[in-house]
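Residue-level structural notes
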Amino acid sequence: MKPFTYQRPFTVQEALHSIRNTPGSIFLAGGTNLVDMMKLEVINPSVLIDINQLPLNKIEPLPNGGIQIGSLVRNSDLGFHPLIRKNYPVLSQAVLSGASPQLRNMATVGGNLMQKTRCSYYRDEISPCSKRNPGSGCSALKGYHAEHAILGTSSSCIATHPSDMCVALSALEAIIHIESEKEKRKIAASEFHLLPGNSPEKETVLEPYEIIVMIELPPLPPNTTSCYIKVSHRALYEFALSSAAVVLEWEGEKIKQGRIALGGVAAKPWRCFQAERLLENSLPDEKLFRSCAETALQGAEPQKENQYKVELTKQVICKALSTAFKRSV
Amino acid sequence: MKYSVTLRVNGKEQKLNLDARATLLNALREILHLTGTKKGCDQGQCGSCTVLLNGKRVNSCLVLAVMADGKTVTTIEGVSSNGELHPLQQSFLSHDGLQCGYCTPGQIVSALGFLNEPWDKTPEAVQIGMSGNLCRCGAYPNIASAIEEIRSSIQEAASS
Ligand SMILES: Cc1cc2nc3c(=O)[nH]c(=O)nc-3n(C[C@H](O)[C@H](O)[C@H](O)COP(=O)(O)OP(=O)(O)OC[C@H]3O[C@@H](n4cnc5c(N)ncnc54)[C@H](O)[C@@H]3O)c2cc1C
Ligand code: SF4
Ligand code: FES
Ligand code: FES
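Remember, predicted model here, so these are calculated numbers, not experimental data. (Residues numbered from 1 in each chain as written. Chains lettered and ligands numbered in written order. Predicted model: local features only at pLDDT ≥ 70, side-chain atom pairs only at ≥ 80, totals over all residues. Heavy atoms only, no water.)

1. So, the domain arrangement of chain A
- What the domain assignment reports for chain A is domain 1 (1–52) and domain 2 (224–326).
- For domain 1 of chain A and domain 2 of chain A, the distance between their C-alpha centres works out to 36 Å. (Domains from an automatic or database assignment.)

Right, dumping it as structure tokens:
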């Protein structure tokens, strides 16, 4: 690790003032990603602003029936929270499927949104990698890429966004609340992360002088079912090779509307808007689920070693849809 | 630059003067000489460095010591009391829940954390809830049965 100094603000305003006025500074939450990246010397801040004392660690119901989640809520507290388990099971399942119990006890919601890709070239600190060292090229394209993305990639970067939680947030149409010294703004979860395009180093809409304060979950109609399906090399304590979060709203036997988001296969948590249209006012059956899956993967651009992800993801989508369907009956 | 960090480790207050780069794991092992907590991967990928921080299990290799300022830390050295093994330690012995023993301190401290978390009250919960601790020797079946014995006895005691 490169040397750095350490600050511990107590209010959001103080933290925002520090980040804006201190060159080379970065926020530290649970540290499970940042400390790792600093040890690898992939991220080398000169000042750490530890935000763990800020009053952003509550989960509270909103008057509209939704829920607000402070950005410092630990992943384990989120996944185990009775209201989340009851009203948003897809989120509880996604969060508890990620990392390990020890990591989730430190990892925060804000840090989970901001976590870096697990691409091994990005993490090795020496290989050409445009995400780490803009313009240097992508080592994964011609190298090892069996775990890389098949959707939303560019010739500059084919890395996946590794989060499970964010996939559920996307399917739940969560809203991310952001603050800077000057303003407060909100952004839809599915618009928070950016596609790599020509500048894979810019990963989210968050500016360096902004902080995530809260995630808002809109209320779900009572006749909604949801689920998260994840496939990885081991059953637990492993990143997704492919995952799907599904939220279905029912009207009698019919799906009124549905939302599908994918993880482990795309450059960002991936909403399948076109496939979702097929679900509208439809009777659920395997044929419908399969055509959703086909539609969702239509634009897939696999590389040599990750072609398996196309069919795998179709099956993950079918499995998620049929599981959410079974929960409705 | 050095930072003063106060930790309450296994019931004893420790005032340390540390570089901000020191992890909690390094502070425990190299400064307090509590070498029961093991360094496996140093990247959050194995669980051998598990300690309880304010009662919750965490990977001490990814916690900076400065972040733990003012908090309580329990390591494997603090698990037994008055020379008596903790029931969990005893259970690891009677189930032969180890081979080389390198992962064992992390397994036991992690299991302590696990038993305080709101998992489903089923034997499968042990396997899911202990997924953050790898064992290179593959002693998993015995580790799981050692923990299951304690989990089910707590559950029985609570329901009787
Ligand atoms: C071995 C291992 C396995 C894992 N497996 C999984 C997995 O299967 N699925 C999964 O989803 N995740 C997995 N993770 C990743 C884990 O979820 C993240 O490390 C964690 O969520 C990051 O949260 P944190 O609070 O520790 O963030 P930190 O490490 O503290 O910070 C990460 C980044 O977020 C920024 N940040 C943090 N909070 C805020 C805020 N409020 N506002 C603005 N910026 C902020 C920091 O500046 C930093 O850049 C794994 C991690 C490890 C080490
Ligand atoms: S896939 Fe992205 S992160 Fe990985 S080497 Fe290529 S540019 Fe870097
Ligand atoms: S040494 Fe900390 S998790 Fe492996
Ligand atoms: S007993 Fe050897 S690593 Fe677990």
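2. Some remarks on the environment of E276 of chain A
Residues and elements named next belong to chain A.
- Residue placement: E276 occurs in helix α12 (residues 273–279).
- A C-alpha to C-alpha distance of 39 Å links E276 and E125, two positions 151 residues apart in sequence.
- Beyond its immediate chain neighbours, meaning those up to four positions away, E276 contacts G258, R259, I260 and R271.
- There is a polar contact of 2.9 Å between the side chain of E276 and the backbone nitrogen of I260. (Helix = DSSP H or I, 4+ residues; strand = E, 2+ residues; numbered from the N terminus. Contact = heavy atoms within 4.5 Å. Polar contact = N/O pair within 3.5 Å; in protein donor to acceptor, adjacent residues only side chain to side chain.)

3. Some thoughts on the site of ligand 1
- The immediate surroundings of ligand 1 are formed by 35 residues, with F27, T32, L34, T108 and D164 of chain A found nearest.
- One finds residues of chains A and B in close proximity to ligand 1.
- Measuring from an oxygen atom of ligand 1, one finds a side-chain N or O atom of T32 of chain A at 2.6 Å.
- Contacts to ligand 1 include N33 of chain A, whose backbone N or O atom sits 2.9 Å from an oxygen atom.
- For ligand 1, the protein covers 97% of the area, taking 970 Å² as the surface of the free molecule.
- Where the shell around ligand 1 is concerned, the elements lending two or more residues are β2 (25–28), α7 (109–114) and β8 (211–217) of chain A.
- No other element matches α7 of chain A, which puts 4 residues into the shell around ligand 1.
- Taken together, the residues of the shell around ligand 1 break down into 16 nonpolar, 16 polar and 3 charged. (Near = heavy atom within 4 Å. Areas by Shrake-Rupley, 256 points an atom, 1.4 Å probe, with all protein chains shown as cover. Nonpolar A, V, L, I, M, F, W, Y, C, P; charged D, E, K, R; others polar.)

4. A look at the nonpolar core
- Y6, L28 and L48 of chain A together with L24, L28, L53 and L64 of chain B are the most contacted members of the largest nonpolar core, which has 48 residues in total.
- Breaking this core down by element, the ones donating at least two residues are α2 (34–39), α6 (101–106) and α8 (120–124) of chain A together with β1 (2–9), β2 (12–19), α1 (24–31) and β3 (50–53) of chain B.
- In this view, L28 of chain A contacts Y6, L34, V35, L48, I49, D50, I51 and N52 of chain A together with L64 and M67 of chain B; residues no more than four positions away in its chain are not counted.
- Of all hydrophobic cores here, the second largest spans 35 residues; its members include I67, Y88, A94 and V109 of chain A. (Core = buried A, V, L, I, M, F, W, Y, C linked by side-chain atoms within 4.5 Å. Buried < 20%, exposed > 50% of the residue type's maximum accessible area, 1.4 Å probe, protein only.)

5. Here's the deal with the pattern of salt bridges
Residues and elements named next belong to chain A.
- Tallied over the full model, the rule gives 24 salt bridges over all chains.
- Among the salt bridges present, the one from D36 reaches R118, with a minimum N-O distance of 3.9 Å. Of this pair, D36 sits in helix α2 while R118 sits in the loop between α7 and α8; the two residues are 82 residues apart in sequence, bridging distant segments of the chain.
- The partly exposed category is assigned to R118, whose relative accessible area is 24%.
- Between E203 and K116 there is a salt bridge whose closest N-O contact spans 2.9 Å. In this pair, E203 is assigned in the loop between α11 (189–192) and β8 and K116 in the loop between α7 and α8, connecting sequence segments 87 residues apart.
- With a relative accessible area of 17%, E203 lands in the buried category.
- Salt bridges here are not isolated pairs; linked through shared partners, they connect E173, R259, R271 and E276. (Salt bridge = Lys/Arg side-chain N within 4 Å of Asp/Glu carboxyl O.)

6. Quick notes on the sheet that holds strand β1 (residues 5–7) of chain A
Residue and element names in this part refer to chain A.
- Taken in spatial order, the 3 strands of this open sheet run β1-β3-β2, and their pairing is parallel. At either margin of the open sheet sits one strand with a lone partner, and together these are β1 and β2. Pairwise comparison of adjacent strand axes, ignoring direction, gives a mean angle of 25 degrees for this sheet.
- Two strands pair when backbone bridges link them, and β2 and strand β3 (residues 47–50) are joined in this way by 4 bridges, in the parallel orientation. Of the residues in β3, the one forming a bridge with I26 is L48.
- Its contacts with the sheet place helix α1 (residues 12–21) against β1, β2 and β3, and it is angled at close to 150 degrees to β2. (Pairing = 2+ DSSP bridges. Axes fitted to C-alpha atoms, helices over the stretch in contact; angles between N-to-C directions.)

7. Comments concerning the interface of chain B and chain A
- In this complex, chain B contributes 35 residues to the contact, which on the side of chain A involves 34 residues.
- Between chain B and chain A lies a buried interface of about 2700 Å² when both sides are counted; carbon and sulfur atoms form 59% of it.
- Summed over the three residues of chain B that lose the most area to chain A, namely R21, L62 and M67 of chain B, the buried surface amounts to 24% of that side.
- Inspection of the chain B/chain A interface yields 3 salt bridges.
- Where chain B meets chain A, there are 15 residue pairs in polar contact (both at pLDDT 80 or more).
- For the side of chain B that touches chain A, the secondary structure elements donating two or more residues are β3, β4 (56–59) and α4 (124–129) of chain B. (Buried area = accessible area lost by both parts, 1.4 Å probe.)

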